[in-house]
Amino acid sequence: MHKYDFAEIETRWQKYWDERGFFQTPQYSNKPKYYMLVMFPYPSGTLHVGHVKNYVIGDAVARYKRMRGFNVLHPFGYDAFGLPAENAAIDKKIHPYDWTMTNINTIRRQIKRIGISYDWSREVITCVEEYYKWTQWIFLKLYEAGLAYKKMAAVNWCPKCMTSLANEQVKDGSCERCGTPVTVKHLEQWFFRITDYAERLLNDLDKLTGWPEHVKTMQRNWIGQSEGAKVKFEVDGTDLQIEVFTTRPDTLWGVTFMALAPESPLVDRVVLPHLREELDKFLARIWAQDRFKRTALEAEKEGFFTGSYAINPANGEKVPIYVTNYVLMEYGTGAVMGVPAHDQRDFDFAKKYGIPIKQVIKPTQEFTFDKAYDGPGIMINSGELSGTLIPDEMRRVFKWLEEKGIGKRTFQYKLRDWLISRQRYWGAPIPIIYCEKCGMVPVPEKDLPVKLPYNVEFLPTGQSPLMLSEEFRRVTCPKCGGPAVRDADTMDTFVDSSWYFLRYVNPKLSEKPFLKEDVDYWLPVDQYVGGVEHAILHLLYSRFITKVLHDLGYLSFDEPFTNLFTQGMIYKDGFKMSKSKGNVVSPDDMIEKYGADTLRLYILFMGPPEKDAEWNDAGIEGVHRFIKRSWNIINEIISLKEGDVQEPSEREKQLLRKLHTMLKKITEDMEGGFKFNTAVSGLMELINAISDYMDEVPREKWNTKLLRECAEKFLLMISPFAPHFAEELWRLMGKQESIMLETWPNYDENALRVEEIEIAVQINGKVRDRIKIPIDASDELVKQLAMNNDRIRKYIDKEPKKIVYVKGRLLSITC
RNA sequence: GCGAGAGUGGCGGAACUGGCAGACGCGCUGGACUUAGAAUCCAGUGGAUGAUGAAUCCGUGUGGGUUCAAGUCCCACCUCUCGCACCA
């Protein structure tokens, strides 16, 4: 018997597949296409088994789809620019380029050992010129379209990473990468106008039926659409106006004050001169507060009366204008109408400053106004709109506002523009030049890429490191030829990763980022697999860039990913794997000990792939046992001589039925979406059934043909999960061609048929016995068979009231 | 607080449109083979009461309900995980 030498087997077949180019995808084919994409990794270190889960799932799908006759594109690459790799390189005192490339080589080697079927000829690395040239090209396209702009803004600043961050990269007030509390800095920064796409990004989520609901919900929350009205208030005695956004225009008659954000430009204009000095003290105090604390739920509300009054356009009432700490400049208009009776924040504020509370909605239920009421009700004290039902008749309110010219119905979004400038070295330089004469000039396409110089001082100082490189900065203006300087900021890594799935289609193309006809053929991605941590950031940005490129005529589709699968994480000892915790399980160690096929199979068997799972050393042992057991059994079958073909015995028919039951079950698990854990358990059941047969039936009576059929089908079904194992045994069975070229086996409904089945008999809801009945027995016959059964009759003391027969399942008798 | 999801043996987890709960694996117990161990193979394994192969009862977070029949459907609640959170 051949020994199961997994190390030898795996290296041999990996070499063979590679040499034959089995996984190189033809650009076109008469087969239907299938684009199977996994989220590419940050090469900021090496891989642990948690990363591997992503690739094993992707590979199972890719290999299955190939067997189903698809032309499968299954590429891989590295999200190589950016903070994670740069920070790690600085820690290690290594140049980020060298560190990144070293990691890429390690990761590539790690993945090749697992036997993932990537088309390596399409590998993409975002930090090489051939790639980031096109990231810069995309920037220029956005710039030309007015979707990339520079502005002075209060931005999130990470004092440790010493760079600005996008809103999406701030989690609970801290830097998403390093966990340091984020501060605010006023800087001139580049933004992408993603807010122009807010409505489409929101509405098109409904089209993404192949996305998990929770991811769509997170995106909806993040985009944060609110329906409301913009209403203008005159400032008494001036020609100034204060515009507010409100979702409750029905409470307009209940306004008793106005609240401005401290940053609002209106503050300076409405404050009375004699209050100026005191106001400045108030503002200084507010700005000294931590921004995230200031806007936290528990924060004490504070305000300062400007001395001015606003006129309520609905009823002409004068209300005082305050500057407050709880109104945000970034959302809406930076000004809010205060309705204490129907908004809790306004209520708290009014209580503190002795502002009147005026009720304008009559609650539908009993309510004591010890807090604000924001439930349904009827409008009161509201002029001609009194009596309007809220929220049912809100439309009447909008109509009235618009007719009177007081306000306008609009949508407001929480989404802000995407801040893409980083004051760091390791990224794609922003392709913009500043000329003394011509001002801001985009780098002409022919001059791309703007190369990131290798020999510069790259340590973060808070200033863009490229500032310090005269060689990089000093250029001549592309327009007038005069002296000019380059923009020294680099782009956010998420710009790089927002289009990489397009580059895989034509990774080596030098005159364009991609060919439209090729991209239109391959995209959208049929199946995208990755972690939930990208539910907002990467997935939202990719959708945005895809829509922009679509609008500019470069793509025919406007959503990049048709189906999305978010896999769960692998924990060890209850924690995420991390070097600092020392709980990392390395795929290399596992491959050393058990082989790649065992590792792959165990990862798929651990549990439902979308759920988090705990790594269990005993669990992988169990799967390894299954592999070895299968190896031994199939080898034994291989060693058998072809016997005579006889009419199958009952015992053989039973095994054949099991084979086809499992063919059906596993096929359904594969088609029904990522049920690999039960598919693997089905393979185990099949092996157990073969083994039982061989145990029970004397060796000389074994039906060799049937056993070989079982072994073949088993190998075909396990091949997407344990490809080396399957290939080796396939060849040992005498097959000349690779198992990779085979098609997925079909099951035969007829083989599933049985003459006689066992059904349960329930009496008063309890299973009392099981009886055998002919498969197509009539209701009458089944009832008769049951009633003639002594064991059943024992439980029936009076005439049955009701008898229900569920065909092929059970008989229920009620007395 | 708002939104989403989940609670099943000692553990990871199965269970189609309501139809025999606990597939498969781990662990555990006993046995075979061994001088012994490892490995392998065979048998058993939800709980309780029985001297048993018998038999009975209880069992899917809690309490109700619908139904011949509920892990699955409905109502109320508890716990956990995740996301959002002064967004006007």
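These numbers were taken from a predicted model, which means no experiment stands behind them.

Cut-offs used in this document
Residues numbered from 1 in each chain as written. Chains lettered and ligands numbered in written order. Predicted model: local features only at pLDDT ≥ 70, side-chain atom pairs only at ≥ 80, totals over all residues. Heavy atoms only, no water. Helix = DSSP H or I, 4+ residues; strand = E, 2+ residues; numbered from the N terminus. Contact = heavy atoms within 4.5 Å. Phe/Tyr/Trp six-rings, centres within 6.5 Å; stacked < 30°, edge-to-face > 60°. Buried < 20%, exposed > 50% of the residue type's maximum accessible area, 1.4 Å probe, protein only. Lys NZ or Arg CZ within 6 Å of the ring centre and 35° of its normal. Near = heavy atom within 4 Å. Polar contact = N/O pair within 3.5 Å; in protein donor to acceptor, adjacent residues only side chain to side chain. Nonpolar A, V, L, I, M, F, W, Y, C, P; charged D, E, K, R; others polar. Core = buried A, V, L, I, M, F, W, Y, C linked by side-chain atoms within 4.5 Å. Pairing = 2+ DSSP bridges. Axes fitted to C-alpha atoms, helices over the stretch in contact; angles between N-to-C directions. Right-handed = clockwise from strand over helix to strand, strands pointing away. Arc of directions from axis to C-beta. 1 Å grid on protein atoms, 1.4 Å probe; cavity = no way out; pocket = protein on both sides within 12 Å on 5 of 7 lines; lining within 4 Å. Points joined across faces, edges and corners; volume = space filled by probe spheres on them.

A.B. asks: Could you clarify how one ought to interpret the side chain of Gln14 in this entry?
C.D. replies: With respect to the helices and strands, Gln14 occurs in helix H1 (residues 6-20). In contact with Gln14, not counting residues within four places along its chain, are Lys112, Arg113, Ile114, Gly115 and His724.

A.B. asks: Is there a simple way to think about the packing of aromatic side chains in this case?
C.D. replies: What the rule picks out here adds up to 58 aromatic pairs. Taken together, a centroid distance of 6.0 Å and an interplanar angle of 70° make the contact between Trp17 and Phe23 edge-to-face. Relative accessible area serves as the criterion here: at 2%, Trp17 is assigned to the buried category. Ring geometry for Phe501 versus Phe561: centroids 4.9 Å apart, planes at 70°, classification edge-to-face. One end of the pair, Phe501, is in helix H15 (residues 500-503); the other, Phe561, is in the loop between helix H17 (537-551) and strand E28 (564-567), with 60 residues separating them in the sequence. Side by side, Phe501 and Phe561 carry an identical accessibility label, which is buried. Put simply, the rings of Phe139, Tyr143, Trp190, Phe192, Tyr197, Trp418, Phe494, Tyr541 and Phe544 touch in pairs and so form one group of aromatic residues. Looking at Lys735, its charged tip hangs above the ring of Trp730, at a distance of 5.0 Å from the centre.

A.B. asks: Looking at this structure, I do not really get the side chain of His624. What am I missing?
C.D. replies: Of note, His624 is situated in helix H20 (residues 617-638). Those residues in contact with His624 that lie beyond four places of it in its chain are Tyr4, Phe6, Tyr594 and Thr598.

A.B. asks: What is the right way to look at the protein's contact with RNA strand B in this model?
C.D. replies: In the neighbourhood of RNA strand B, 54 residues make up the surrounding shell, with Thr247, Tyr331, Arg345, Arg770 and Tyr795 lying closest. In RNA strand B, atoms within 4 Å of the protein come 64% from sugar and phosphate. In this structure, a sugar or linking oxygen belonging to RNA strand B sits 2.5 Å away from a main-chain N or O atom of Thr247. In the model, a phosphate oxygen of RNA strand B is placed 3.1 Å from a nitrogen or oxygen of the Asn677 side chain. Mapped by element, the contributors of at least two residues to the surface near RNA strand B are helix H7 (213-223), strand E11 (241-246), H20, helix H22 (676-696), strand E32 (756-763), strand E33 (766-774), strand E34 (802-806) and strand E35 (810-814). Considering every element that reaches the surface near RNA strand B, the biggest residue donor is H22, with 8 residues. Looking at the surface near RNA strand B residue by residue, the classes come out as 20 nonpolar, 15 polar and 19 charged.

A.B. asks: Looking at this structure, how should I read the nonpolar core?
C.D. replies: Within soluble globular proteins, side chains that are nonpolar generally end up buried alongside one another. Ranked by size, the top nonpolar core spans 183 residues in total, and within it Trp418 and Trp615 carry the most contacts. In terms of residues, this core owes the most to one element, H22, which gives 11 residues. Not counting residues within four places of it along the chain, the set of residues in contact with Trp418 comprises Ala166, Trp190, Phe191, Phe192, Ile194, Asp492, Phe494, Val495, Ser498, Tyr541, Phe544 and Ile545. Counting 41 residues, the second-largest nonpolar core is a separate cluster that includes Val231, Val267, Val270 and Phe282.

A.B. asks: I tried to follow the sheet that holds strand E31 (residues 613-614) on my own but got confused; where do I start?
C.D. replies: Sheets are built from strands paired through backbone hydrogen bonds, the pairs being either parallel or antiparallel. Here 3 strands make up an open sheet; going across it, the order is E30-E29-E31 and the pairing mixed. Each having just a single partner strand, strand E30 (575-576) and E31 make up the two edges of the open sheet. One ladder, built from 2 bridges, connects strand E29 (residues 570-572) with E31; its direction is parallel. Along E31, the bridge assignment pairs Tyr571 with Glu614.

A.B. asks: Is there a simple way to think about the sheet that holds strand E27 (residues 527-531) in this case?
C.D. replies: The strand order across the open sheet built from 4 strands is E2-E1-E27-E28, with neighbouring strands paired in parallel fashion. The sheet terminates laterally at strand E2 (71-73) and E28, the two strands that pair on one side only. Ignoring strand direction, the axes of neighbouring strands in this sheet form an average angle of 20°. Pairing between E27 and E28: 4 bridges, direction parallel. Looking at E28, one finds that Gly531 is bridged to Gln567. Relative to strand E1 (residues 33-38), helix H2 (residues 49-67) is tilted by about 175°, and along the sheet it contacts E1, E2, E27 and E28.

A.B. asks: Quick question: what am I supposed to make of the pairing of E28 here?
C.D. replies: In summary, the side chains of a regular strand alternate between the two faces of the sheet. Burial along E28 is two-sided: Leu564 and Thr566 and Phe565 and Gln567, pointing in opposite directions, are all buried. Chirality of the crossover, the property in question, places the unit of E27, H17 and E28 among those that are right-handed.

A.B. asks: I keep staring at helix H18 (residues 587-594) and nothing clicks. Help me out?
C.D. replies: Every α-helix carries 3.6 residues per turn, so stepping three or four residues along brings you back to the same face. Of all the residues in H18, the buried ones are Pro587, Asp588, Met590, Ile591 and Tyr594. The arc enclosing the buried residues of H18, seen along the axis, measures out at 165°, which places them on a common side. Residues of H18 that are exposed and point over 90 degrees away from its buried face: Glu592 and Lys593. Along its buried surface, H18 packs onto H1, H2, helix H4 (96-114), helix H19 (596-605) and H20.

A.B. asks: Got a minute to help me understand empty space enclosed by the protein in this structure?
C.D. replies: Taking a probe equal in size to a water molecule and rolling it over the atoms shows the remaining empty space. One pass over the full model with this rule turns up 1 cavity of 30 Å³ or more. Taken as a whole, the largest cavity holds about 170 Å³ of empty space. Gly82, Leu83, Arg422, Asp492 and Thr493 are the residues nearest the centre of the largest cavity, which is lined by 19 residues in total. Mapped by element, the contributors of at least two residues to the lining of the largest cavity are helix H3 (83-92), strand E26 (490-491) and helix H14 (493-496).

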